[in-house]
Amino acid sequence: MDPSPPPPESVQEPSPLLDSEKIRLKRLAKLQQVTSNDSGESSQATASSSKTVPARANSLPKSPMQVKPTSLFKKYSLPAKEPERVPPQATPKIIPPTKSFEDWQNDTISKVLQITLDKSTAEKSGNRLIYLDSVVKTLMEENPGMSSFKLSKSILDNALFSRLSIDPNQMSDGEELPQIPLFDYLLDSWKRASEIKRSLRATKTLEQSIINERVGVIDTLKELIINYIQYVLQYPDDLPQVRNSTKLGPNQLVSRLLEEFDSPQGLPLDFIKELANKVDDEGFEKMFLPALLGYSAQIRTKNILSRDYLLPLNSLVTLSEIKPLADKMTKARNWNPPNSTARIFEVGSLLGPFCRLSAFPTDEPTIAESYFANVQARRQADIDSAMTSLRGAIRGVQHSIFKIFNNIVRSSPSAREAVLGYFAEVIRLNERRAQMQVDPTQVGTDGFLTNLTSVLLHFADPIMDLRNPKIDRIDVDYFRKSNRIDVSRETKIKANQQEADAYFSLVDESTSAPNFISEIFFLTIAMHHYGPLHCYENYNNFLRDLSELQKQYDRIRADQPNWAGTPMAARSEELLAHCKIEKMASHKIAYDAQLLDQVALDHSLKFYNLVMNWMLRIVDPTGKHPEKQIQLPLPPTPPDAFAMLPEYVFEDITELFLFVAKYIPRASVVYQDVLIVFIITFLKSSSYIKKPYLKAKLVEILFYFTIRGEREGSIEKLLNSHPLALDHLLSALMSFYVEVEQTGTHTQFYDKFNIRYNISQIFKSIWGNHVHKERLKEESRNLDSFVRFANLLMNDVTYLLDESLRKLAEIHNIQNEMNNKEEWESKPQQYRQERENTLRSDERSATSYMSLGNETVNMLVYMTAEVADPFLTPQMVDRLAAMLDYNLKSLAGPKCTELKVRNPETYSFRPKELLSQLVNIYLNLCKHRVFVQAVARDRRSYDKAFFSKAASVLSKYGLHSPKNISELEKFVNEVEETIVLEAEGEEELGDIPEEFLDPVILPGSRVTVDRSTITTHLLSDTTDPFNRMPLTIDQVIPNTELKERIEAFLQARRQK
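Residues numbered from 1 in each chain as written. Predicted model: local features only at pLDDT ≥ 70, side-chain atom pairs only at ≥ 80, totals over all residues. Heavy atoms only, no water.

## Here we look at the overall build of the protein
Under the convention used in this document: Here a strand is any run of E in DSSP of at least two residues, a helix any run of H or I of at least four, and the numbering for each starts at the N terminus. Any two residues having at least one pair of non-hydrogen atoms within 4.5 Å are treated as being in contact. For the accessible areas, the method is Shrake-Rupley and the probe is 1.4 Å, while residue cover comes only from the protein chains on display.
From N to C terminus, the protein includes 45 helices and 5 strands. Sequence separation of 24 or more characterises 77% of the internal contacts of the protein that already satisfy a separation of 6 or more. Accessible surface, the protein: about 48,900 Å² in total, of which carbon and sulfur atoms supply 50%.

Right, here's the structure in full:
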C-alpha cells in the first residue's frame, strides 16, 4: 500500500506511545487516506464514531472503526436509531434476571467475541477466550485503584480492535489464537451475536425493558462486527492475519457468496443484508461485483436441462431483493457494456447470461436432440409430458429474471432509468433481426429476446386491464419526446420519409419526458418485434423446410426399388442420411415447447389486445374507445399520431394473430371481440393503411379463424352476430377485393388470387346470414362499384379455370406417357427426370388454381342468385356468357377426355361438381332476356350439344333435380330461337363497320374507342390503356362527329 500520511490532528497521541498504539494510528492514517474523498468527512472522524459506539468517559486509544466507522459505506449505513424494540407479548410469568445487566453484558460480549478482561477466566477456558492484556493495562492507567474490569458497550470498539490487532503468528508461550482468518472469526462472531438476539426476542420471562436494553447491546455489537468485516475484506494486510494458503480479501466473501445462502459453506442471508446496507460503491466493486460476475460465469455454461443453473439464478434473485445491491448493479462497469455487438452484449453484460436460458433449437440444439431424442417412436403422451415439464422450467426462468429486473427498478430512480436503457440497448443491437437475411452470429439469440419480452410483459401487466384508466397514460407522442427507441428510418403506417421527418422535428421542448408506463408500453412492442415475432417467422420457415425435406425423403424411399443395387444406390443412401428427419423432428418439438405454450401466448395476446384498443382509441374521433366502442365510418384522413406510428406496430398485431390462428387458435378466443373491431375498422377505412399487404393480413386472419371448428376457436359466430361485422364486413371485403387488383408489388398478379381466395372463404362463412344478404343487395344498388367488383370476380373465374384445366390436360399427357412402361423406360434418364419435374410443377399449379377456381365459381353462384342485375349490364353480360360457354365446352365438349387424370381429388378437381356449379349460374340468370341474348351472341363456344350432354351427366348422377334440367332445356331453346332472330336482323343490316358503335375520345391520349370497350377496361384498370394516365369513365368525351356518321349509316342500311 501507499506510504501512510501523518496522523490526523484530531487523534491525540498518548505519551509515551506503546508499539500497539503506533500500529493503530498508522492503520488509522491509511484508512483516512483511502476515504479522503468522502466529502470532507475526515475532519469529522471522531464525531462520527458516536454513531456506532456511544461516548464514554475513559479515553482508550481510538481504533480506525472509532474514528470513521461508516466512512466507506456512507450511503447505505444504518441510521442512528433506538434499540430495536420487541413488541410486548403476553407471558405466563415475569421473573427477575439472574444476572445484572453489567454481568450479562460482559458475558455476552465475551461469548460473542471470545475475549475476556479477566486473565483467570481465559486460563480456565483453555485459551478459548483471549485475554486482552493491552486493554486492561490502559483501563488501569485511566482508572487508578481498579484491578478488575468488565466488557461493556462503552469499550466494545477498542476491545474488538485489540483482539484483531493480536498477531496469531507471534504468540507467547502458553498463548494460542484460533488459526483462522479474521473474516472467518468476525463472521462466526456475527453468527453468535445473531443467535443470542434470536433467543432474546423469543424470551417470554423477562421484562420488555430488559430485553430491549440487551437487544441494543447486540445491535451495537453486530454493527461493529460488520464495520470491521468490511475493513478486513478491503484491507486484509492492515491487521495481522494467519499465515496460510487462504487467499485473503474480497475473495473470502466472494467464494462464500457463490455457495447456497444459509448453508454451512455459504453466508447467512441476514448477514449479507446487513453488510450490503453498509457498503459503498468501492466496496461493492471489491466485494459483491466479483460474486455477481461469478454467477454470470457459472450460468454461462449451463442450459435449462441442468438443474444446477438454479443456484446462481436464485442467488441473484435473492441479492437483487437487497435494495442497495440492486441499485449498485446498474452502476457496475459491465451492466450495459459499451461498444458491444449483440452477441457480445448477451454473454458479456451482467444479466445477459441469465436471460438467454431457453429451449430454442437455434440456441441449444443439444436440448432438442437429447430431451426429445427418438421422438418419432415415442408416445404422444410422453412427448406432451416432456413439453409440459420444459415449459414449466422456461416459465420459472422467465419469472426469476423478471423478479431481478423488478427489484432493480424499485431500488432507485437511477436504477429504473438504467433498466430502461438496458432494454433499449438490446433493441438497438438487434434491429437487424427484422431483416430478410440476417447472420445469426451477429444478433442476439431467440431465447435472449424472448425472455426479455416476457420480462417486459410482466412490467406491462398493470396497464393491460382495460377497466384501468392507465390506457390514457400511454403517451401518443412518445416517439417525438424520446429517442430511446429510434424509429427515424422505420416505415410509417401512412407517411413518407419527408412527412415523418417534418412531423418528428416539431417537438415542444417544454413538454415532460414520457412516463414509465409509456416507456414500458413501447419497449414491449419493440422487443416483441425483434424477439418473438422474428421467432414466429423462423418457425414458419422451419416447418416449410421440414415439409419439403420429408417429401424428398419419402420420394427417395418410394423409389428405392428402382435404385437399389444400381450405381445410384450409394448416392441415394447418402441423400437419405443427409435428410436427418429424426433430428429435425426433435427440433420441431423443442420449437413447439417454446413457441406454442398457451400461457406465454396468452400473455402476448393480452398485451396486443391493449395495443389494438390503444390504436383504435387514437383513430376514434371521440377518443372514447374502448369505454364506448368506435363507430364507422371514420374521417377520410387518419390522425397524425396514427399515421406516424412505425408500420411494424400494426404489422406485428397481424403476425401474432396469424401465428395463433394457424397453430393454436383456441388461445385467441377471449380477444376475438376486439380483433373483429380492429380488422373491420381498418378494412373499412382503407385509406388509413398505406400498404395493401397489411390489409391482406387482416383478411388472412379472418380466413384462418373461419376455417376452424367451433371448439378450435372459430370466429364464424362473431362474424354473424357482432354489430360492426353485420353493418360493415361485407362492404369492406368487397372493396378490398377490388383494391388488391393492383398492390404495387412485382407479385401482385399472383398475390391477388390468394387474397381473394381468403375473401371467398369468409363470404362462404357468412352467406347463410340474412343480414349479410341484405347488405349485399344494398351494395349492389351502387351499380358502378358493384359492377367493378363483379367484373373482377368474373375475370378471376375465367383465368383460374382456364389455367387449371390447361394444367390438368398437361398432367393427363405426362401420365399417359408414363403409363406406357416399356416406352417410358427406354427414354434417357435426363428426359424422364425433366418430365417428372414438369409433372410435379403442373400438379402444384393445378391444385392451386383449381382450389382458387372452385371457390371463385362458388362465390359467383351465390352472388348471381341474390343480385343478378350487375352481371347483366352491357359491359358484363357478354363476357360472362362467353366465359360460361367456354368452360361448359371444356367440361362437356369433345375434348373433355383430355382432363382425365389419376386421383383428380388430389388436385381439387371434381368435374361433375364444377359442371353443376356452372349450370347453377346459367339457371340463376336464364330468366333474364339480356342473358339469353348474350349467350346467343357467343359464336366461339356456344353449342346446344354441350348443354344436352351436361344435362345428361347431371341427371345421371342426381346433381340436379328434374325441374332444374327442364329449366335448362327451356333456356337452351330460347337461345336457339334468339340465334335465328338475330341472324335475320344481321342479314338486314349487313356488316356494320367496327368503329360504328358508341365512339368516345380518351382525354389524355386522344384515341377514339367504343364506350363499352373502355368501360370494360376500366373495370380492371383505372388508367388510359394508351398512356397509363389515371382515367375514369366520366372523363371520356363523346365523339359526336363519328356518332352522326354511325346514325347515317344505319339509316341508309334500313332504307335498303
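## Comments concerning the pattern of salt bridges
Threshold: Should a side-chain nitrogen of Lys or Arg be within 4 Å of a carboxyl oxygen of Asp or Glu, the pair is scored as a salt bridge. Three labels apply to residues, based on accessible area from a 1.4 Å probe with only protein chains included: buried if under 20% of the type maximum, exposed if over 50%, partly exposed otherwise in between.
What the rule picks out here adds up to 47 salt bridges. When the shortest N-O distance is used, the salt bridge between Arg333 and Glu285 registers 2.8 Å. With Arg333 in the loop between α14 (323-329) and α15 (342-348) and Glu285 in helix α12 (residues 281-300), the pair connects residues that are 48 residues apart, well separated along the chain. Overall, the relative accessible area of 32% leaves Glu285 in the partly exposed class. Arg480 is the partner of Asp477 in a salt bridge, and the nearest nitrogen-oxygen pair spans 3.8 Å. For Arg480, a relative accessible area of 21% gives the class partly exposed. One salt-bridge network, held together by shared partners, links Glu741, Lys752, Arg756 and Asp796.

## Description of the packing of helix α40 (residues 911-925) against helix α42 (residues 944-956)
Selection rule: Each axis is a line fitted through C-alpha atoms, and for a helix only the stretch in contact is used; angles between axes span 0 to 180 degrees, taken between their N-to-C directions. For classification purposes, an angle smaller than 35 degrees is called roughly parallel, one larger than 145 roughly antiparallel, one from 65 to 115 roughly perpendicular, and anything else oblique. Left-handed describes a crossing whose near helix is turned anticlockwise from the far helix through less than a right angle; right-handed describes the clockwise counterpart.
Taken N-terminus to C-terminus, the directions of α40 and α42 make an angle of 120°; their axes are 10 Å apart at the nearest point. Classified by the interaxial angle, the pair formed by α40 and α42 is oblique. As α40 packs across α42, the resulting crossing turns out to be left-handed. Contacts from Lys912, Leu915, Ser916, Val919 and Tyr922 in α40 reach Phe947, Ala950, Val953 and Leu954 in α42.

## Overview of the nonpolar core
It is characteristic of soluble globular proteins that their nonpolar side chains tend to be buried jointly. Put simply, the test is: By nonpolar core we mean a set of buried residues, namely Ala, Val, Leu, Ile, Met, Phe, Trp, Tyr and Cys, connected to one another through side-chain atoms within 4.5 Å.
Phe271, Phe288, Phe405, Phe423, Met615, Phe763 and Phe971 are the most contacted members of the largest nonpolar core, which totals 300 residues. Broken down by element, the residue count for this core peaks at 15 residues, all from helix α36 (residues 783-819). Other than its neighbours up to four places away in sequence, Phe405 contacts Trp335, Leu351, Cys355, Val419, Tyr422, Phe423, Leu452, Val455 and Phe459. Ranked by size, the runner-up nonpolar core spans 7 residues in total, among them Val1009, Ile1014, Leu1018 and Leu1031.

## Thoughts on the environment of Glu982
By secondary structure assignment, the location of Glu982 is in helix α43 (residues 962-989). On a C-alpha basis, the gap between Glu982 and Gln933 in space is 8.7 Å, while along the polypeptide they are 49 residues apart. Aside from chain neighbours lying at most four places away, what touches Glu982 is Gln933 and Arg937.

## A closer look at a negative patch on the surface
Operational definition: Patches were defined on residues exceeding 30% relative accessible area and lacking a salt bridge, with like-charge contacts within 9 Å and nonpolar side-chain contacts (Val, Leu, Ile, Met, Phe, Trp, Tyr) within 5 Å. We count Lys and Arg on the positive side and Asp and Glu on the negative side, and we leave His and both chain ends out. Charge coordinates come from a single atom per side chain, which is NZ of Lys, CZ of Arg, CG of Asp or CD of Glu.
Together, Glu259, Glu260, Asp262 and Asp270 make up a negatively charged patch on the protein surface. Note that Glu259 resides in the loop between α10 (250-257) and α11 (269-276). You can call Glu259 partly exposed: its relative accessible area is 35%.

## Quick notes on the sheet that holds strand β5 (residues 1037-1038)
Rule in force here: Any two strands between which DSSP finds at least two bridges are classified as paired.
Strand order in the open sheet formed by 3 strands is β4-β3-β5, and the pairing between neighbours is antiparallel. Looking along the sheet, the strands with just one partner apiece sit at the ends: β4 (1008-1010) and β5.

## Thoughts on the confidence of the model for the protein
For the record, the criterion: Values of pLDDT, ranging from 0 to 100, describe the predictor's confidence in every residue of the model.
Looking at the protein, the pLDDT average stands at 86 and 88% of residues meet or exceed 70. Residue range residues 1-20 is modelled with pLDDT below 50. Its contacts to residues more than four positions away, or to other chains, number 23 contacts. Confidence drops under pLDDT 50 across residues 26-81; counting only partners more than four residues distant or on other chains, this segment forms 133 contacts.

## Overview of helix α29 (residues 647-663)
What counts here: By this rule, a helix spans an expected 1.5 Å times one less than how many residues it contains.
Taking 1.5 Å as the rise per residue, α29 with 17 residues should run 24 Å; its terminal C-alpha atoms sit 25 Å apart, in good agreement. Counting buried positions along α29 yields 14 of 17 residues, so the element is predominantly enclosed.

## A look at the packing of aromatic side chains
Think of a pair of aromatic rings as described by two things: how far the centres are apart, and how the planes are tilted against each other in angle. For clarity, the cut-off: A pair of Phe, Tyr and Trp rings is counted when the ring centres sit within 6.5 Å of each other, with Trp represented by its six-membered ring. The angle between the planes then sorts it: under 30 degrees is stacked, over 60 is edge-to-face, the rest tilted. Any Lys NZ or Arg CZ found within 6 Å of a ring centre and within 35 degrees of that ring's normal is scored as a charge over the ring.
Summed over all chains, the structure comprises 54 aromatic pairs. On the numbers, 5.4 Å between centres and 85° between planes, the contact of Phe650 with Phe682 is edge-to-face. Residue Phe650 is located in helix α29, and its partner Phe682 is located in helix α30 (residues 672-684); the two are separated by 32 residues in the primary sequence. Its relative accessible area of 0% is what places Phe682 among the buried residues. Ring centres of Phe786 and Phe871 lie 6.4 Å apart, and the angle between their planes is 90°; this geometry places the pair in the edge-to-face category. You can see Phe786 sitting in helix α36 and its partner Phe871 sitting in the loop between α38 (829-866) and α39 (874-892), a full 85 residues away along the chain. Taken individually, Phe786 and Phe871 each receive the classification buried, so the pair is uniform in this respect. Over the face of the ring belonging to Tyr185 we find Arg163, whose NZ or CZ atom lies 4.1 Å from the ring centre.

## Examining the environment of Leu177
If you trace the backbone, Leu177 turns up in the loop between α7 (156-165) and α8 (182-202). Using a relative accessible area of 4% as the deciding quantity, one classes Leu177 as buried. Considering only alpha carbons, one finds Leu177 and Asn127, 50 residues apart in sequence, at a separation of 7.5 Å.

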